[in-house]
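Fold and geometry: a report
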Amino acid sequence: MPAQAAINPATKHPSRRRGFLIAAVIATLVVITSLIYLSIDQRFVYLLVYTWFGVIYGVFLQYGRFCMASAVRDLFAVGVPRMAVGVLIAVILYAIISALIQQAGFNTFHAHPLGWHIIIGGLLFGLGMVFAGGCASSSLYKTGEGNLGSVLVLFSISFSQAWLASAGGWLNHLVPASWTETAAQAQMPEELSVTDGWFDQFTAGYLWELSGTTLVDFFALPANLWSYLFGNALVVAILPALVILLLLYTFNYRKIYIRNRTNESGLGYELRGVWSMFTQSRNTAIAGLGLGIFAGLQMLVTGELRDHYNIFNFGELLAQMDYLDGLSIQDSVFDPGYWYITTQEAQWGGWFLQLLGVEMMDNIFFGLDNGLPNPLLNAPGMMSIGIILGAAILANITGEFKWKWPNNETVILALVGGALMGIGSRIGMGCNIGAFFATVTNGDISGWIFLAGMIVGGYIAVKGIKAWIDWRLARSGFDF
Amino acid sequence: MAIKLKETVKFEQQSDNNWLLDVKGYGCPHVQIYAEKALKKLTSGNELTLVFDNPSSGESITYLCTANGDTLLDRQEDGGTFTWKIRRA
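Residues numbered from 1 in each chain as written. Chains lettered and ligands numbered in written order. Predicted model: local features only at pLDDT ≥ 70, side-chain atom pairs only at ≥ 80, totals over all residues. Heavy atoms only, no water.

Points about the overall build of chain A
Helix and strand counts for chain A stand at 20 helices and zero strands. The C-alpha radius of gyration computed for chain A amounts to 23 Å, which stays within 12% of the reference 23 Å derived for 480 residues, consistent with globular compactness. For chain A, the spread of C-alpha atoms along the three principal axes comes to 75 × 55 × 55 Å. In chain A, which comprises 480 residues, the proportion classed as buried is 57%. Accessible surface computed for chain A: about 19400 Å², of which carbon and sulfur atoms make up 66%. Charged side chains in chain A number 23 positive and 28 negative. The centres of these two groups are separated by 24 Å. (Helix = DSSP H or I, 4+ residues; strand = E, 2+ residues; numbered from the N terminus. Rg over C-alpha atoms; globule rule 2.2 N^0.38 Å. Buried < 20%, exposed > 50% of the residue type's maximum accessible area, 1.4 Å probe, protein only. Areas by Shrake-Rupley, 256 points an atom, 1.4 Å probe, with all protein chains shown as cover. Lys, Arg positive; Asp, Glu negative; His and termini not counted. Charge placed at Lys NZ, Arg CZ, Asp CG, Glu CD.)

With respect to the interface of chain B and chain A
Taken together, the contacts link 50 residues of chain B with 56 residues of chain A. The junction of chain B with chain A conceals about 4700 Å² of combined surface from both sides, 58% of it contributed by carbon and sulfur atoms. On the chain B side of the contact with chain A, Tyr63, Thr66 and Glu77 of chain B bury the most area, a combined 15% of that side's loss. The interface formed by chain B and chain A includes four salt bridges. Residues lysine 37 of chain B and aspartate 470 of chain A are paired through a salt bridge, measuring 2.7 Å at the closest nitrogen-oxygen approach. Put simply, chain B and chain A have ten residue pairs in polar contact (both at pLDDT 80 or more) between them. For the side of chain B that touches chain A, the secondary structure elements donating two or more residues are α1 (5-8), β1 (10-13), α2 (30-41), α3 (55-68), β4 (71-78) and β5 (81-87) of chain B. The biggest single contributor to the side of chain B that touches chain A is α3 of chain B, with ten residues. (Contact = heavy atoms within 4.5 Å. Buried area = accessible area lost by both parts, 1.4 Å probe. Salt bridge = Lys/Arg side-chain N within 4 Å of Asp/Glu carboxyl O. Polar contact = N/O pair within 3.5 Å; in protein donor to acceptor, adjacent residues only side chain to side chain.)

Some words on unusual backbone geometry
Of note, the amide linkage connecting cysteine 28 of chain B to proline 29 of chain B takes the cis form, showing an omega dihedral of -5°. Assignment of secondary structure puts proline 29 of chain B in the loop between β2 (18-22) and α2. The phi torsion at asparagine 310 of chain A lies on the positive side, around 55°, for a residue other than glycine. On the secondary structure map, asparagine 310 of chain A appears in the loop between α13 (282-309) and α14 (314-320). For methionine 429 of chain A, which is not glycine, the phi dihedral falls at a positive 65°. Mapped onto the elements of the fold, methionine 429 of chain A is located in the loop between α18 (408-427) and α19 (432-440). The exposure class assigned to methionine 429 of chain A is partly exposed, which follows from its relative accessible area of 23%.

Describing the state of the cysteines
Taken as a whole and assessed by the stated rule, the structure comprises zero disulfides over all chains. Cysteine 67 of chain A supplies the cysteine sulfur nearest to cysteine 28 of chain B, a cysteine that is in no disulfide, at a spacing of 6.4 Å. On the basis of relative accessible area, cysteine 28 of chain B is assigned to the buried category, the value being 6%. (Disulfide = S-S within 2.5 Å.)

Points about the UniProt feature "domain: UPF0033" (unreviewed entry) in chain B
UniProt marks residues 21-88 of chain B with the feature "domain: UPF0033" (unreviewed entry), using the numbering shown here. As annotated, residues 21-88 of chain B comprises 38% helix and 34% strand, and the C-alpha atoms at either end are separated by 14 Å. (UniProt positions renumbered as here; feature names shortened; annotations may be inferred.)

Focus: the pairing of β5 of chain B
Residues and elements named next belong to chain B. In this sheet, β5 lies alongside strand β3 (residues 47-52) in antiparallel orientation, the contact comprising six bridges. Paired with leucine 48 across the strands is isoleucine 86, a residue of β5. Bridging between β4 and β5 involves seven bridges; their strand directions are antiparallel. What sits directly across from aspartate 74, in β5, is lysine 85. What sits between the antiparallel neighbours β4 and β5 is a turn of two residues, in which glycine 79 has the positive phi angle 55°. (Pairing = 2+ DSSP bridges.)

Regarding the pattern of salt bridges
All names here are of chain A. Across all of its chains, the model carries 15 salt bridges over all chains by this definition. One salt bridge in this structure joins arginine 306 and aspartate 335, with 3.2 Å as the shortest N-O distance. Of this pair, arginine 306 sits in helix α13 while aspartate 335 sits in the loop between α14 and α15 (342-355), and the two are 29 residues apart along the sequence. For the residue pair arginine 306 and aspartate 335, the accessibility class agrees, reading buried in each case.

Looking at a nonpolar patch on the surface
Residues and elements named next belong to chain A. Residues Val31, Leu35, Leu38 and Trp52 make up a contiguous nonpolar surface patch of about 330 Å² in total accessible area. Among the secondary structure elements, leucine 35 is positioned in helix α1 (residues 16-40). Under the relative-accessibility criterion, leucine 35 is labelled exposed at 52%. (Patch = residues over 30% accessible without salt bridge, like charges linked within 9 Å, V, L, I, M, F, W, Y side chains within 5 Å.)

Quick notes on the nonpolar core
Residues Trp339 and Phe436 of chain A together with Leu21 of chain B are the most contacted members of the largest nonpolar core, which totals 139 residues. Considering each element in turn, this core owes the most residues, 14 residues, to helix α4 (residues 82-104) of chain A. Once residues lying within four places of it in the same chain are set aside, the contact partners of phenylalanine 436 of chain A are Met68, Val87, Val91, Cys431, Gly447, Trp448, Phe450, Leu451 and Met454 of chain A. Ala165, Leu171, Leu207 and Leu372 of chain A belong to the second-largest nonpolar core, a separate cluster that totals 19 residues. (Core = buried A, V, L, I, M, F, W, Y, C linked by side-chain atoms within 4.5 Å.)

Observations regarding the packing of helix α2 (residues 45-64) of chain A against α13 of chain A
Residue and element names in this part refer to chain A. Following both chains from N to C, one finds α2 and α13 inclined at 175°, their axes separated by 9 Å at the closest point. Comparing their axes, α13 and α2 come out roughly antiparallel. Across the contact of α2 with α13, the residue classes break down as 19 nonpolar, six polar and two charged. (Axes fitted to C-alpha atoms, helices over the stretch in contact; angles between N-to-C directions. Parallel < 35°, antiparallel > 145°, perpendicular 65-115°, else oblique. Nonpolar A, V, L, I, M, F, W, Y, C, P; charged D, E, K, R; others polar.)

Some details on the environment of threonine 108 of chain A
Residue and element names in this part refer to chain A. Inspection of the secondary structure assignment puts threonine 108 in the loop between α4 and α5 (116-132). Each C-alpha atom, one on threonine 108 and one on threonine 302, is 9.2 Å from the other, the two residues being 194 residues apart in sequence. Excluding its chain neighbours within four sequence positions, the residues that come into contact with threonine 108 are Met299, Arg306, Pro336, Gly337 and Tyr338.

Structural notes on helix α12 (residues 267-280) of chain A
Residue and element names in this part refer to chain A. Between its first and last C-alpha atoms α12 spans 20 Å; for 14 residues at 1.5 Å apiece the expected length is 20 Å, and the two agree. For α12, the set of buried residues is Tyr269, Gly273, Val274, Ser276 and Met277. Buried residues of α12, seen end-on, are gathered within an arc of 155° and therefore sit on one face of the element. Exposed side of α12, more than 90 degrees from the buried face: Leu267, Leu271 and Trp275 are the residues found there. For α12, the elements touching its buried residues are α4 and α11 (225-257). (Expected span 1.5 Å × (residues − 1). Arc of directions from axis to C-beta.)

Written out as structure tokens, the structure reads:
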């Protein structure tokens, strides 16, 4: 290996004590806010579970720089597989934990319907995450590092989703007649205009005609731990992840590893090489392990709370507490019970547009399924805010927090990339977490299809960005 | 709204063997791409002082140096701004 051991320790900034102080202030504010919620009604503990798990996710995401965009992009942009390796290790660990949670009876995962929309959604999402400089989850943790460009990405993800979920007008001309006919036959409440709006007709006329399944359900394997471990976890998540890891080792890392070990050979040597590749991604792998354990624990705790309050959805609890504004027709709100990113951001955008007088509840996405609760009553939304705060706590402790104002180029890329991610995540039914990470680790192959789309989109976007940089360099007179 | 590269990126020779690349304000993947291009420009033994403020880019640049055999001589951090010195292999 080259002399990376010669790196001097990072110099500590004199104001590190200030960072600790700010981190303590943020943590204290989270505690005080939690106590205020509980003093209003103890049933808000359900929402606070989301919030506190969000804080924990934020710490791990920032620690491991856990970023799907980086996993795909750095491989194509600069030949660096570090994040791809880390994410795949996280997939393996989380799949095992999901199987255990499934056996415990608290797994709230639902398989995604299989169809062409997944690869198209993944492709748009992949384009967007490379342009934006981060995926859905990393935009949250980077916001916590003080990156205001990432705030713009969140803004763009939120409003693009809200727009797509509710818009009609010229978008109706893009709807196939078959979707409209099928949607019209759906027995929907009168408040919902399901034959007006692209996304409503996509949902009722196309998505609802599809089905999705996990491997265990598809082969009707017995509902026990071994089926979950060897069916869902091993076959759907672990083996494909290992194959990709071996490909990354063979075609990328191996040439780095063998450079200083020309006299060695054999299986043990290759295995040490694979292990060396893993250790290069140590922080991301540790983050993946932490995220896996806590994402599983979140399912467990939320499941227990649902049992305790005898509810299926947080909307029922909100109704019991007389918070009726923003509930869907079914008295439900978005409440996945596990790690999720984009749908709550769509709700933020939708809630704000509704505040401006735009009708946002006459569609399936908000009106029937997810509702539009006030952001202070949006449990998954509070998880996202928790992620930002958790990342801010760690970034301040490590001295990495800095307010960063985006330049014009970054503003444009953030808005365009965020919009593509928002639209891609609605079409693909989730982001890098909901449509990829949560699916493959629960035995649903749709996530690998989404990843394939993300890789194609990411590859195209990397080529585009490199061409853009080369074009700018050629015009600038820089001698790069 | 003109976007001029020389207003946002600084790449200049400081002395015979030392170059400076300042890409503060940029996130991923711009920092990594500019760093890779700058390192390719340098001849063996030359040193690059890289200034950036996107923490996650540092992870990729570390790996990039390992892959290319370049040496990370020094890493300094000052209030979220990173100044790294890299010697070209």
